[in-house]
Amino acid sequence: MKSVFTTTGIAISNLTVTYDRHPAVHHLSAVLKTGSLTALIGPNGAGKTTLLETIAGLRTPNEGCISLQGFCTDDIGYLPQQSQIDRSFPMTVRDLVASGFWQSLGPFAQMTKAYQQTITAALAQVGLDGFEKRMINSLSGGQFQRLLFARLIAQDSPVLLLDEPFNAIDAKTAAELLLLIDHWHDEKRTIVIVTHDVELARQRFPNSMLLARELIASGHSREVLTTENLERAKQMCESFDEHSALCLRGVA
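Residues numbered from 1 in each chain as written. Predicted model: local features only at pLDDT ≥ 70, side-chain atom pairs only at ≥ 80, totals over all residues. Heavy atoms only, no water.

The next thing to look at is helix α5 (residues 141-155). For α5, with 15 residues, the first-to-last C-alpha span of 22 Å sits near the 21 Å given by 1.5 Å per residue. Of all 15 residues in α5, 12 are buried, a share of seventy percent or more. Where the residues of α5 are buried, they touch β5 (76-79), α2 (93-98), α4 (113-125), β6 (159-163) and α6 (171-186). A positive phi of about 60 degrees marks Asp156, the residue just after α5. (Helix = DSSP H or I, 4+ residues; strand = E, 2+ residues; numbered from the N terminus. Expected span 1.5 Å × (residues − 1). Buried < 20%, exposed > 50% of the residue type's maximum accessible area, 1.4 Å probe, protein only. Contact = heavy atoms within 4.5 Å.)

In structure tokens form, the structure reads like this:
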């Protein structure tokens, strides 16, 4: 386990990411400081997943940039929504955790004894010891989410991007995963969590970014997640015209 991280932060500058020439994220600028724990909040269609995927290097900005200061995309651990993963693919629990090493080792690299021990320890930490040979399609929703967290543990990344990690899981599993996130925060990892749970963000996450394609507010969670700001975000998403012309703000 790394004890010291050299990351200096994530700087988002005038970021626009589009689908079919219409913005999913629109002229967004913000800074995520090293060691911060930030909730990414907004209505459906606000651009939360798009922003996370762009930070992770899975999408290319149409305008602006994301500066990963002090690290690279290989240093990012990304947990997608369960709905984005094909659980019918024939893969064992152990193999899915091992897939966390593919970016650095390649998908066909031989797992050394040290990597195998890392996988075993990660599964034990989330309560899945003994599940190594189980197929992923045999797991419950809560077990599968624990498995995705085990992959993050094995990766041991200084930056963690979690997309709706508490969806469709039982309260006990959510509470245990929250404790793991608290532990990562204590280690000064930089963590961004997409969630719709405003009260959870107010109570457990020090910082929040409120999106409605554009940035509504960013800062301390209780100051950002006010009734007025949340209503404004809702109205902005509801009024967005999918058929409007491409925004050319800033273009001469």
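Now, onward.
It is worth spelling out the pattern of salt bridges at this point. Under the criterion given, the structure shown has 7 salt bridges. Arg189 is paired through a salt bridge with Asp156; the nearest N and O atoms lie 2.8 Å apart. Remark: Asp156 occurs in the loop between α5 and β6 and Arg189 occurs in the loop between α6 and β7 (190-194); sequence separation between them is 33 residues. In this structure Arg189 comes out as buried when scored by relative accessible area, which is 2%. (Salt bridge = Lys/Arg side-chain N within 4 Å of Asp/Glu carboxyl O.)

Look at α4 against α5: their axes get within 8 Å of each other, and the N-to-C directions meet at 135 degrees. With respect to α5, the element α4 is oriented oblique. Once α4 is placed against α5, the crossing between them reads as right-handed. Only Leu147, Ala150, Ile153 and Ala154 of α5 make contact with α4, whose side of the interface consists of Thr118, Ala122, Leu123 and Gln125. (Axes fitted to C-alpha atoms, helices over the stretch in contact; angles between N-to-C directions. Parallel < 35°, antiparallel > 145°, perpendicular 65-115°, else oblique. Left-handed = near helix turned anticlockwise from the far one by under 90°.)

This brings us to the packing of aromatic side chains. Following the criterion strictly, the structure yields 2 aromatic pairs and no others. Considering the side-chain rings of Phe149 and Trp184, the 5.8 Å spacing of their centres and the 5 degrees angle between planes classify their relative orientation as stacked. Linking Phe149 in helix α5 with Trp184 in helix α6, this pair joins segments that are 35 residues apart in sequence. Note on Trp184: relative accessible area 2%, which makes it buried. Directly above the aromatic system of Phe144 lies the positively charged group of Arg87, at a separation of 4.3 Å from the ring centroid. (Phe/Tyr/Trp six-rings, centres within 6.5 Å; stacked < 30°, edge-to-face > 60°. Lys NZ or Arg CZ within 6 Å of the ring centre and 35° of its normal.)

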